[in-house]
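Coordinates in review
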Amino acid sequence: MNESEGYVVFFFPQALEALGEAIKPYLREGPGGEHVLCHEIDTAGSLIEMTIEATTNEGNSISLELMVPQSMVKMVVSARSDAVFGFSPRVTPALMTHLPPTAGTAPPADAPAEAVPSSSTTSPDTPTSEATPTTSQAKLPPEG
């Protein structure tokens, strides 16, 4: 698999409005909306650091770091040159036929929840709350 060639960072509309003119030189227009194309990103903090490769008016290459609060970012997309992209399994179709089935015994989505059994289903052998004290309770001295 090819290494990442960059990242496309999309912002919330409110974030673009709040950043105003300061963000405009770094934005690009695309089918998904306005975004920033970055060479590298660092998401390990309250700010997202975006490294942008740029060229000065004199033709010199520079590396800029743009930092914005994580709450402003809607989505980050890794830009790769290989054809495989998306959320599908990375296995060949021949191998997919040998995968085990999943969720075959799951109840239907509209089935009633059974997190707590109903009280009518207790059997006569089931102890009730008035049962004899447990050993940890039996060792306690009487209150009073």
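This section reports on the structure supplied with the text. (Residues numbered from 1 in each chain as written. Predicted model: local features only at pLDDT ≥ 70, side-chain atom pairs only at ≥ 80, totals over all residues. Heavy atoms only, no water.)

Let us look at the pairing of strand E4 (residues 47-55). Successive side chains on a regular strand alternate, one facing one side of the sheet and the next facing the other. Here strand E3 (residues 40-42) pairs with E4 via 3 bridges, running antiparallel. Counterpart to Asp-42 in the pairing with E4 is Glu-49. Here E3 hands over to E4 after 4 residues, the two strands then running antiparallel side by side. Sheet analysis places E4 next to strand E5 (residues 61-69), joined by 9 bridges and oriented antiparallel. Among the inter-strand pairings, Thr-51 is bridged to a residue of E5, identified as Glu-65. In sequence, E4 turns back onto E5 through a hairpin of 5 residues, with Gly-59 there showing a positive phi of about 95°. (Pairing = 2+ DSSP bridges. Helix = DSSP H or I, 4+ residues; strand = E, 2+ residues; numbered from the N terminus.)

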